[in-house]
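Structural description and commentary
Spelled out from the first residue to the last, the chains are:
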Amino acid sequence: MPSANPSPFLECPRCHEAFLPNVVAPGVFTTCPRCFADFQLGEARVAAAPQLEVGEWRTEEAIVARATADRQFRHSRLILKVAAAITILGGLAFWKFGLGSRGKGKLDEASVPTEQRSEIRSAFAAAKAALEATDWRAMNLEVVDAGRVRPLMEWYYGQKPNGYTQRRIQSYDQELIDLEANPPVATLRLKAAVPPATLHVVMQKGKAAEGWKMDWESFSNVHGARWQAFITAQANFPDTIEGPVLVERCSASQLVPSFFTASGLNPGDGSRAVRVSHPSVGDSGVACFPEDSEVWQKLGSQLPETGNALKVILQVRRLPKSSAPQGIVIEKIVQLGWTNVAAPERPMLDPR
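Residues numbered from 1 in each chain as written. Predicted model: local features only at pLDDT ≥ 70, side-chain atom pairs only at ≥ 80, totals over all residues. Heavy atoms only, no water.

1. Remarks on the environment of Gln 166
Definition in use: For the purposes of this entry, the term helix denotes a DSSP run of H or I that reaches at least four residues, the term strand denotes a run of E that reaches at least two, and both are numbered from the N terminus. For every residue, the accessible area (1.4 Å probe, protein chains only) is compared with the maximum for its type, and the residue is labelled buried under 20%, exposed over 50%, or partly exposed between those bounds. Between two residues, a contact is recorded if the distance between any of their heavy atoms is within 4.5 Å. What qualifies as a polar contact is a pair of N or O atoms within 3.5 Å, subject to a donor-acceptor requirement within protein and to the restriction that residues adjacent in sequence count only when both atoms come from side chains.
Residue position: Gln 166 is located in the loop between α6 (146–159) and β6 (168–178). Among the residues examined, Gln 166 registers a relative accessible area of 40% and is labelled partly exposed. Each C-alpha atom of the pair Gln 166 and Thr 134 lies 6.0 Å from the other, and the pair is 32 residues apart in sequence. With residues up to four places along the chain from it excluded, the contact list for Gln 166 reads Leu 131, Glu 132, Ala 133, Thr 134, Val 194 and Pro 195. Within the structure, the side chain of Gln 166 is placed 2.8 Å from the backbone oxygen of Glu 132, a separation counted as a polar contact.

Structure, rendered in structure tokens:
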């Protein structure tokens, strides 16, 4: 779940556009929503919030009425006569109670193209409908790829101590939208009143009849939760899963003899060891390959000698014996590479 403390906007090191990260840990990999560059959060600089903010939720009629009132206010003789006094005596209170910030919000709103402003509001309405759903089954109707995601939602809310939490969304105060992306994408920072929280959501626009839908996988980080349940042998969780992971070479010198004794893996295969992890989870697993392994021949040829880990969607099996790190077997390479850890391109195995 996103933190109650708002995450800062970051600057993509490749295209230098500002974006909101889904997670904030420095070592976590993320993907720029504009140029799709992949990098660790620690490589990105904190950026100024983009000037696309539309403060509070207001109707077109309210905006017109506010603009009319402002014009009358500016042309009032009374205000002109006491402007100096207001500036000197009331300036601090004026700013403190937000009138100045609302004026800035109105100016920012006017600078946003009409099409973007309309789409942002539609995306907000869809996010509000999803998060205010009475239960996860009703929410499932408002999310991207609902059929594939449904069993993931059932497992995710079934294993949470408090189950599903219905929310009441007040407004949004930051947004980024890219209507040129395929599909169009919007990122919103929402203010929830019940329970009080600041939430980040990614919205995708489907076909005309579908409209905007919430990327629930990104919102929940369900694949991180599944990896944690898998690697720690959570009760009633399957020994084999399929999901997006990071794979990097693991030096044989890092594997002590007790690891091979506990895992049952062959010490002779230690020179072909890899560490497998999820970007948002600290626990990892280690797999070793025989020299003639077809999986190793394909995976090893792609792994860099040093540096960044390889993004792969794998089918992995946890070994029954406990070891440190946990021994695993990579049974199949489903896909080399992925662009979004929260919503990989391939269907996941049923987690039940």
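2. Section: unusual backbone geometry
That bond from Asn 182 to Pro 183 is cis: its omega, 0°, falls within 30 degrees of zero. Its location among the elements puts Pro 183 in the loop between β6 and β7 (185–194). The step from Ala 324 to Pro 325 runs through a cis peptide bond, and the omega angle for that step is -5°. Checked against the element boundaries, Pro 325 lands in the loop between β13 (310–318) and β14 (326–336). The residue Asn 221 is not glycine, and still its phi comes out positive at about 55°.

3. Examining helix α4 (residues 114–131)
The cut-off we apply is this: One less than the residue count of a helix, multiplied by 1.5 Å, gives the span that helix is expected to have.
Here α4 spans 26 Å end to end across 18 residues, near enough to the 26 Å set by a 1.5 Å rise per residue. When α4 is considered as a whole, its buried residues turn out to be Arg 117, Glu 119, Ile 120, Arg 121, Ala 123, Phe 124, Ala 126, Ala 127, Ala 130 and Leu 131.

4. Observations regarding the sheet that holds strand β1 (residues 10–11)
Worth spelling out the cut-off: Strands qualify as paired when DSSP identifies two bridges or more between them.
Strand order in the open sheet formed by three strands is β2-β1-β5, with antiparallel pairing between adjacent strands. The sheet is open, and its two borders are formed by β2 (18–19) and β5 (45–46), each paired with just one other strand. In this structure, β1 lies alongside β5, joined through two bridges in antiparallel fashion. Note that in β5 the partner of Glu 11 across the bridge is Arg 45.

5. A word on the packing of aromatic side chains
The condition that has to hold: Pairing of aromatic side chains requires ring centres within 6.5 Å, counting the rings of Phe and Tyr and the six-membered ring of Trp. Pairs whose planes differ by under 30 degrees are stacked, by over 60 edge-to-face, and all others tilted.
Enumeration over the complete set of coordinates arrives at nine aromatic pairs. Each ring, one from Tyr 156 and one from Tyr 157, has its centre 5.1 Å from the other, and the planes form 85°; the classification is edge-to-face. By relative accessible area, Tyr 157 is classed as buried at 10%. Residues Trp 227 and Phe 230 carry aromatic rings whose centres are separated by 5.3 Å and whose planes lie at 45° to one another, so their mutual orientation is tilted. Taken together, the residues span about one helical turn, with Trp 227 and Phe 230 both in helix α8 (residues 222–231) at a distance of three residues. Just as Trp 227 is buried, Phe 230 falls in that class too. Aromatic rings pair up to connect Tyr 156, Tyr 157, Tyr 164 and Trp 216 into one cluster.

6. Comments concerning the confidence of the model for the protein chain
Going by this rule: Values of pLDDT, ranging from 0 to 100, describe the predictor's confidence in every residue of the model.
Overall, the prediction assigns the protein chain a mean pLDDT of 79, with 73% of residues at 70 or greater. Overall, residues 1–5 carries pLDDT values under 50, and its contacts beyond four positions in sequence, including any with other chains, amount to seven contacts. Of the regions scoring below 50 in pLDDT, residues 77–107 engages in 16 contacts with residues more than four places distant in sequence or in other chains.

7. Brief notes about the environment of Ser 277
Relative to the helices and strands, Ser 277 resides in strand β11 (residues 273–277). In the structure, Ser 277 is positioned 50 residues away from Trp 227 in sequence and 8.0 Å away in space, judged by C-alpha atoms.

8. A closer look at the pairing of β6
Of all the eleven residues making up β6, nine are buried; the element is thus mostly covered by neighbouring parts of the structure. Relative to β7, β6 is paired through nine bridges, and the arrangement is antiparallel. Across the sheet, the residue bridging to Ile 169 is Ala 192, located in β7. Hairpin connection between β6 and β7: a loop of six residues separates the two successive antiparallel strands.

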